[in-house]
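# Structural description and commentary
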Amino acid sequence: MYIAAFFSMALGFIALTAEGDISLPESAADLLAEGEYSQAARIIDAQAAQASDVRERLAWEAERLRRIVLDYSLDREELLRQLRRRIKDFQENELAQWMEESRFDWRKIDGEMRFLYPSVSNLFFRYPELRARRRLPASEEYGRFLARIAASWRHPEAEAYEFVRARRFHVQMNLTIAKDAAPDGANIRCWLPIPIENSFQKHFSLISSDPAALHIAASDAPHRSIYLEKKTQAGKPTAFTIDYEYVSSPRYGEIDSQKVTALVPAKARRFTLEEPPHIVFLPEMGALLESIAGEETNPYTIAKRIYDWIGENFRYSYAPEYSTIRNLSHYALAKRYGDCGQIAMLFITLCRMKGIPARWESGWMLYPEMTGLHDWCAIYLDPYGWIPVDANMGISALHDWDFLSPEEKETVRDFYFGRMDPYRLEANSNHGGTFDPAKKYFRSDPVDFQRGEAETSEENLYYHRFDYDLKILSSQLE
C-alpha cells in the first residue's frame, strides 16, 4: 500500500493537511522529498499499522498517492512519441526548452520523471502559438454553435427559435466495470448521476434501468443519483445502464444591475462562508480582489468584474483528478490555468470573499457538437435569486476559439454571465455532498459527481477500473 502526505507539484515536500499534520518518520519524509514513493511507502506502512488514531487519514493519503501515480502516466519516451505524432516539425531539443520554460506538469516518481497524461493537449491550450503546428486541428463546430446561442440573446430575430425554447432530452448512461476488476460474485454498488429538478430542469422520467433501480435520490439532492447493485461474473464485465428523459429550459432573464441589492437571505448565507478545503479565503486572494473590485459595492458589478478578470487572465487546461489537489481554487490561482471546475471554484471563492453567495453546479454538456462533463456555478443576486455563471466559457471564447470574430467572442463571454442555454444536464447543485444511500469507501471524486461511483463490500472502484459514457438518444423542442 502506498501512503504519503502532501508534496508540492515541483518540490515534493511534506505539508500540513487541511485537517492537521500527520507525523511521519524523518527517513520517509526525506524519501518523499526525493520522489521515492515506493520506499517511503514501506516505511510509512509500518507506522500506519500501529497509528489507530490517524489510520483513516493515512488510508486516504495512500489512495491519493495511487491516484497521483495514475495521473502522471507518461514517461519521457511516451511524451516524445506523442509530441512527434501531434506537432508538425517537432525537434527533440524543443522538449528540453519547454521543460526549462515549465510548460509541462510533471513529478519525479520512484526515480523517474513522469508527466501528466494530457501534457501535449495542454500545450495547445496554454501556448496558442503552437496551434498552427497541430497536425489535427481542433473542430470549430462546438464554438460556432455556442456563438449562435449567444447571438440569439443579443439578436433574437436571428435563429433564436431553437435556443429560447425548452428541450426534451432522451439520454442513456452506461457504466461498465472491467472484467475481473473485482472478485467473482462480488456485489457492486453503483451510483449514476441523473438530473436534479428545479424551475429550469423538470419532468425527469426513468424509462428503464439494468439492473433495476433500487433507489432514486430526492429531486433536490446535492448529487442526484440512481442507485443500483449487480454481482460480478468471472471473466465478464459488469454493466449498468439507465435510460431516462427530462426537460431543460434556457435561462435568459435580463438583470438590471441598478436593481440589485446586497441583501442575502438566510437560506443563502452559508454560501458566503469559507468551505475548506477548496474554498479558503487566502490573503493573496484578498489583495487580488482589491485590485479587481476597488471601491465597488454593487454585487452584480463586482461579480462581473471577477468574471471578466478570469476570462482575460486565465487559460483552459486539463487537470489532475480533483481528489489529488488540496485546494482547487488556490491551484487555479497559482497556475493561472485550470479546467472548468477549478475555474468555477476560484470564481465561487472570490465571490464569497465579497459577500456574494456562490455555489457549485455541474453535470454534462449536451450540445449536438459536444457531449461531455462540465462544471459551472451560480450566484445569488437579490431580487433575481440564483443566476448561472460559466466562467470557463468566457476563457474559451476569448482564448481558444480563434475562428470567432472579436464581436462574437465578447457576445459569448457576456452571455454566460447570468444566462444559460438549455443544452445542459445539471446533476449537482453543490460540491462535496453526500450520496443517498451513502458510500462506505472513499469517493473517486470527492468534489464532483458526473462519471458515476462504484464500490464493492471491500473497496472503492476507481476510474481505471471502469468505463462510462452518456448518449443523447434524442433532443427535441418542447
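Residues numbered from 1 in each chain as written. Predicted model: local features only at pLDDT ≥ 70, side-chain atom pairs only at ≥ 80, totals over all residues. Heavy atoms only, no water.

Moving on, we get to the overall build of the protein. Helices and strands together make up the secondary structure of the protein, namely 13 helices and 16 strands. Considering only intrachain contacts with a sequence separation of at least 6, the fraction spanning at least 24 residues in the protein is 72%. For the protein, the exposed area adds up to about 20,500 Å²; of that, 50% sits on carbon and sulfur atoms. (Helix = DSSP H or I, 4+ residues; strand = E, 2+ residues; numbered from the N terminus. Contact = heavy atoms within 4.5 Å. Areas by Shrake-Rupley, 256 points an atom, 1.4 Å probe, with all protein chains shown as cover.)

Here the focus is the sheet that holds strand 13 (residues 385–389). An order of 13-12-11-14 is seen for the 4 strands of this open sheet, with the pairing classed as antiparallel. The outermost strands of the open sheet, each flanked by one partner alone, are strand 13 and strand 14 (424–428). Shown here is a sheet whose adjacent strand axes are inclined to one another by a mean of 35 degrees, direction ignored. In this sheet, strand 12 (residues 370–381) lies alongside strand 11 (residues 358–367) in antiparallel orientation, the contact comprising 10 bridges. By the bridge assignment for strand 12, Glu361 is matched with Trp376. Here helix 11 (residues 340–353) sits on the sheet in contact with strand 11, strand 12 and strand 13, set at roughly 150 degrees to strand 11. (Pairing = 2+ DSSP bridges. Axes fitted to C-alpha atoms, helices over the stretch in contact; angles between N-to-C directions.)

Take the packing of aromatic side chains next. Under the definition given, this model contains 31 aromatic pairs. Measuring from centroid to centroid gives 5.8 Å for Phe104 and Phe115, while their planes differ by 80 degrees, and the two rings are edge-to-face. Of this pair, Phe104 sits in the loop between helix 5 (92–100) and strand 1 (106–109) while Phe115 sits in strand 2 (residues 112–115); the two residues are 11 residues apart in sequence, bridging distant segments of the chain. Here Phe104 falls in the buried class, since its relative accessible area comes to 6%. Ring geometry for Tyr463 versus Phe466: centroids 5.6 Å apart, planes at 75 degrees, classification edge-to-face. Both residues of the pair, Tyr463 and Phe466, belong to the buried class. Within the aromatic cluster, the residues linked to one another by ring pairs are Tyr142, Phe145, Phe163, Phe169, Phe204, Tyr244, Tyr246, Tyr367, Trp401 and Tyr423. Its guanidinium or amino end placed over the ring of Trp376, Arg424 lies 4.7 Å from that ring's centre, counting from NZ or CZ. (Phe/Tyr/Trp six-rings, centres within 6.5 Å; stacked < 30°, edge-to-face > 60°. Buried < 20%, exposed > 50% of the residue type's maximum accessible area, 1.4 Å probe, protein only. Lys NZ or Arg CZ within 6 Å of the ring centre and 35° of its normal.)

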